[in-house]
Amino acid sequence: QLNTAEWVAACPLTQRGCVRGELPLKTKPYADQKPGTSGLRKRVTVFQQNQHYAENFIQSIISVVDPAERQAATLVVGGDGRFFMKDAIQLIVQIAAANGINHLVIGQNGIMSTPAVSCVIRKIKAVGGIILTASHNPGGPNGDFGIKYNISSGGPAPEGITNKIFEISKALQEYHICPDLKVDLSKIGKQTFEVETFKPFIVEIVDSVEAYAEMLRDIFDFPALKNLLSGPNHINVRLDAMHGVVGPYIRKIVCEELGSPANSAVNCVPQEDFGGHHPDPNLTYAADLVNTMKSGEYDFGAAFDGDGDRNMVLGKHGFFVNPSDSVAAIAANITSIPYFKKTGVKGLARSMPTSGALDNVAKALQMELYETPTGWKFFGNLMDAGKLSLCGEESFGTGSDHIREKDGLWAVLAWLSILATRKQSVEEIMKNHWQTFGRNFFTRYDYEEVDSDAANKMIKDLEAQMSEPSFVGKTFSSGDKSYVVAVADNFAYTDPVDGSVSKNQVNGMHTCEIIFRLSGTGSAGATIRLYIDSYEKDPQKIYQDPQVMLAPLVDIALKVSQLHERTGRTGPTVIT
Ligand code: VG1
Ligand code: CO
């Protein structure tokens with residue numbers, strides 16, 4: 001019995017410079033490789049130290065590509081630059097080659113933002129792609145890593161496929177690998193390798209930004225944006241890449257091409273540990289940007305997450321645009337974006353916990369509105385069916401059917417297009433919006449890494465409480481405010497494109513809503529999310545502080561769930 005290295009060395013094909021393609025290595029299946037909201041996310045140490053952990057998952061992904069298609073198949077590979085990404089890419093190369101995949105297209109040095117991968121998959125008609133990211137989770141040797149599979153539409157694999165990957169991973173006994181195959185990720189161009197029994201295997205290293213930039217030029221009015229950012233009456237912007245993948249995209253597109261000064265973009269070199277920070281664009285983790293904006297030096301600010309699909313938008317003096325409001329404002333001003341003039345607006349969508357701000361715009365403009373579960377994968381089917389043009393999530397995700405992922409830089413250029421058209425400030429645009437449509441006050445409380453059992457028990461008990469017949473109609477009070485329960489349900493969604501009907505949909509406009517949800521992207525313990533949405537159309541009340549406005553509802557939510565007592569926490573980790 002030879003070990004891998006001896007086996008490879010002894011192989012006559014290897015000696016002729018050919019990479020052995022049929023080397024099955026014995027492995028043991030893992031029971032915990034179930035992809036969550038957005039791929040498989042675990043601590044780096046789990047991927048690194050557990051034997052064959054990453055290899056098993058990569059093999060499970062590639063196993064869902066039909067063997068009959070592999071010799072004509074191209075996969076796109078890219079990631080957010082975090083620690084372990086390059087190792088994972090080398091494994092993908094070796095495993096893809098040994099499984100008969102013909103062609104890989106990889107971003108230079110492995111770098112490619114999540115929206116750019118989606119763009120490239122669509123552009124070159126690849127069968128899919130593999131994205132190496134744990135998004136907004138911290139990186140580095142003690143941080144998180146993640147692997148996500150996208151399908152030929154460019155979108156995250158739907159649940160049917162992620163379930164299949166999970167089933168394969170639970171039974172995996174061996175994987176195929178060419179352990180000797182090494183690619184130079186820095187060199188743009190094609191590298192070809194002879195692999196036994198298959199056609200020559202091609203690895204193509206491409207510029208990380210080019211295809212994506214070309215796409216944006218078609219969507220937006222670049223001369224107008226250039227005028228806004230560098231013309232005689234230009235505004236000043238501050239963009240914070242948070243040491244994530246979007247840095248090179250900002251530099252090339254916003255600075256070099258649209259003329260914004262180089263110092264308007266910060267933290268633009270992707271780092272393996274994101275400089276030791278959470279690459280998470282919210283008021284807590286992007287506090288640097290918020291503080292800088294307070295000086296009033298900049299008219300517009302934005303931050304992005306590790307893989308470049310999320311965005312946070314701020315106006316002068318740090319005026320915060322809630323993501324639920326952001327997608328609603330883009331919808332209300334959608335004619336500022338040339339792309340939609342060409343395609344028309346086919347429909348709008350938001351995830352279930354996202355506030356109803358978008359619903360108000362949809363109603364006023366008589367557009368179709370879809371409410372989907374959390375996670376971008378649910379928007380894809382609607383887009384493919386030509387039912388959806390613009391969508392968003394409360395978790396700083398905004399995007400359109402130009403690709404099948406949320407797109408941070410796209411959202412920023414969408415906002416800049418609105419500024420260029422309306423010649424107003426971010427604050428004026430939002431205040432106008434609330435005057436026209438009313439305002440959905442929204443907040444989200446995150447309790448990160450709480451005890452899993454306590455979190456599950458809390459949700460179970462809430463379900464039991466809600467299903468008591470007397471729950472609907474019950475009155476809850478906090479201070480001088482009282483609320484009566486109108487609807488209590490467990491959100492269920494059946495994809496409308498597949499012809500089936502959604503169950504338990506909340507019909508009609510609610511006044512306010514409280515939602516509890518467990519996160520599907522955490523890597524340790526459980527994360528409880530509490531979402532609160534309260535609609536106000538009285539013009540006297542729309543400028544209040546959301547936290548003050550929503551305090552009674554927070555109080556009621558905490559009382560009903562006993563969240564603090566059950567988790568031993570005294571408050572959330574992050575408030576949005
Ligand atoms: C979170 C967000 C969800 C988002 C997902 C992936 O999921 O709530 O809206 O789509 O992250 O975003 P969860 O299950 O933890 O609530 V990204 O930028 O991390 O790929
Ligand atoms: Co992300």
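Keep in mind that this is a model prediction, so the values were computed, not measured.

*Asks:* Explanation requested: the site of ligand 1 in the structure shown.
*Replies:* Neighbouring ligand 1 are 19 residues, the closest being T37, S395, S519, G520 and T521. Interatomic distance of 3.4 Å between a side-chain N/O atom of S38 and an oxygen atom of ligand 1. Here an oxygen atom of ligand 1 sits 2.7 Å away from a polar atom, N or O, in the side chain of E393. Here the shell around ligand 1 is built from residues that sort into no nonpolar, ten polar and nine charged.

*Asks:* Explain unusual backbone geometry here, please?
*Replies:* Negative phi values dominate among residues other than glycine, just as trans dominates among peptide bonds. Despite not being glycine, F84 shows a phi value in the positive range, around 85°. The residue F84 is located in the loop between β3 (74–79) and α6 (85–98) in this model. Accessibility expressed as a relative area gives 8% for F84, which makes it buried. One non-glycine residue, S135, lies in positive phi territory at about 55°. Mapped onto the elements, S135 comes out in the loop between β5 (128–132) and β6 (144–151). Taking relative accessible area as the criterion, S135 reaches 3% and is therefore assigned buried.

*Asks:* Just checking my understanding: could you explain the sheet that holds strand β10 (residues 237–240) for this structure?
*Replies:* Think of a sheet as strands paired side by side through backbone hydrogen bonds, with each pair either parallel or antiparallel. Taken in spatial order, the five strands line up as β11-β10-β12-β13-β14 in an open sheet, and their pairing is mixed. Each end of this open sheet is capped by a strand with a single partner; those strands are β11 (265–266) and β14 (320–321). Relative to β14, strand β13 (residues 311–315) runs antiparallel, the two being bridged by two bridges. The residue of β14 that forms the bridge with L314 is F320.

*Asks:* Even after reading the chapter, I still don't get the coordination of the cobalt ion (ligand 2), so can you show me in this structure?
*Replies:* When a metal carries six donors in an octahedron, the ideal angles between them are 90 or 180 degrees, while four donors in a tetrahedron ideally lie at 109.5 degrees. Within the protein, the cobalt ion (ligand 2) binds to S135 (OG), D305 (OD), D307 (OD) and D309 (OD); these donor distances fall in the range 2.0 to 2.1 Å. The sequence pattern formed by the donor residues of the cobalt ion (ligand 2) is S-x169-D-x1-D-x1-D. Placement of S135 in the loop between β5 and β6 and of D307 in the loop between β12 (300–304) and β13 is noted, with a sequence separation of 172 residues between them. Of the residues examined, D307 reaches a relative accessible area of 2% and is grouped as buried.

*Asks:* Looking at this structure, I do not really get the environment of D299. What am I missing?
*Replies:* Within the element layout of this structure, D299 appears in the loop between α12 (287–294) and β12. Given a relative accessible area of 23%, D299 falls into the partly exposed group. Remark: the alpha-carbon pair of D299 and I58, spanning 241 residues in sequence, is separated by 44 Å. Those residues in contact with D299 that sit more than four places away from it in its chain are I235, N236, M293, L314, G315, K316 and V426.

*Asks:* Quick question: what am I supposed to make of the UniProt feature "domain: Alpha-D-phosphohexomutase alpha/beta/alpha" (unreviewed entry) in the protein here?
*Replies:* This chain's UniProt record puts "domain: Alpha-D-phosphohexomutase alpha/beta/alpha" (unreviewed entry) on residues 33–175, 211–316 and 324–437. Helix and strand shares over residues 211–316 are 35% and 15% respectively, and the end C-alpha atoms of the span are 32 Å apart. In the segment residues 324–437, helix accounts for 51% and strand for 14%; the C-alpha atoms at its two ends are 13 Å apart.

*Asks:* How should the sheet that holds strand β16 (residues 369–372) be read in this particular structure?
*Replies:* Spatially, the four strands line up as an open sheet ordered β16-β15-β17-β18, and their pairing is mixed. For this open sheet the edge positions go to β16 and β18 (397–400), each flanked by a neighbour on one side alone. With direction set aside, neighbouring strand axes in the sheet form an average angle of 15°. Looking at chain direction, strand β17 (residues 390–393) and β18 are connected through four bridges and run antiparallel. Looking at β18, one finds that C391 is bridged to G399. Its contacts with the sheet place helix α13 (residues 323–332) against β15 (348–351), β17 and β18, and it is angled at close to 170° to β17.

*Asks:* Explain helix α16 (residues 377–384) to me, please; I cannot follow it from the model alone.
*Replies:* In an α-helix there are 3.6 residues to a turn, and that puts residues three or four apart on one side. Counting buried positions along α16 yields six of eight residues, so the element is predominantly enclosed. Where α16 is concerned, the buried positions are K377, F378, F379, G380, L382 and M383. Buried positions along α16 lie against α8 (159–171), β15, β16, β17 and β18. Directly beyond the C-terminal end of α16, a positive phi value near 70° is found at G386.

*Asks:* I'm lost on the pairing of β15 in this one. Help?
*Replies:* Along any regular strand the residues' side chains alternate between the sheet's two faces. Burial along β15 is two-sided: the face carrying L348 and R350 and the face carrying A349 and S351 are both buried. Inspection of the sheet shows β15 paired to β16 by four bridges, in the parallel sense. Note that in β16 the partner of L348 across the bridge is L369. For the handedness criterion, the β-α-β arrangement of β15, helix α15 (residues 357–364) and β16 is classed as right-handed. In this sheet, β17 lies alongside β15 in parallel orientation, the contact comprising three bridges. Residue pairing for β17: A349 is matched across the bridge by C391.

*Asks:* So what exactly am I meant to see when it comes to the nonpolar core here?
*Replies:* Side chains of a nonpolar character, in soluble globular proteins, are inclined to be buried together. Counting residues in each nonpolar core, the largest one holds 77 residues, and the members touching the most others are L216, F300, W410 and L416. When residues of this core are assigned to their parent elements, the largest contribution, eleven residues, is made by helix α17 (residues 408–422). Once residues within four sequence positions are removed from consideration, L416 is found in contact with L225, L228, L229, I235, V237 and F300. Counting residues in hydrophobic clusters, the runner-up holds 49 residues, among them A73, L104, I106 and Y175.

Criteria and cut-off values
- Residues numbered from 1 in each chain as written.
- Chains lettered and ligands numbered in written order.
- Predicted model: local features only at pLDDT ≥ 70, side-chain atom pairs only at ≥ 80, totals over all residues.
- Heavy atoms only, no water.
- Near = heavy atom within 4 Å.
- Polar contact = N/O pair within 3.5 Å; in protein donor to acceptor, adjacent residues only side chain to side chain.
- Nonpolar A, V, L, I, M, F, W, Y, C, P; charged D, E, K, R; others polar.
- Helix = DSSP H or I, 4+ residues; strand = E, 2+ residues; numbered from the N terminus.
- Buried < 20%, exposed > 50% of the residue type's maximum accessible area, 1.4 Å probe, protein only.
- Pairing = 2+ DSSP bridges.
- Donors = N, O, S within 2.8 Å, 3.2 Å for Na, K, Ca; no water.
- Contact = heavy atoms within 4.5 Å.
- UniProt positions renumbered as here; feature names shortened; annotations may be inferred.
- Axes fitted to C-alpha atoms, helices over the stretch in contact; angles between N-to-C directions.
- Right-handed = clockwise from strand over helix to strand, strands pointing away.
- Core = buried A, V, L, I, M, F, W, Y, C linked by side-chain atoms within 4.5 Å.

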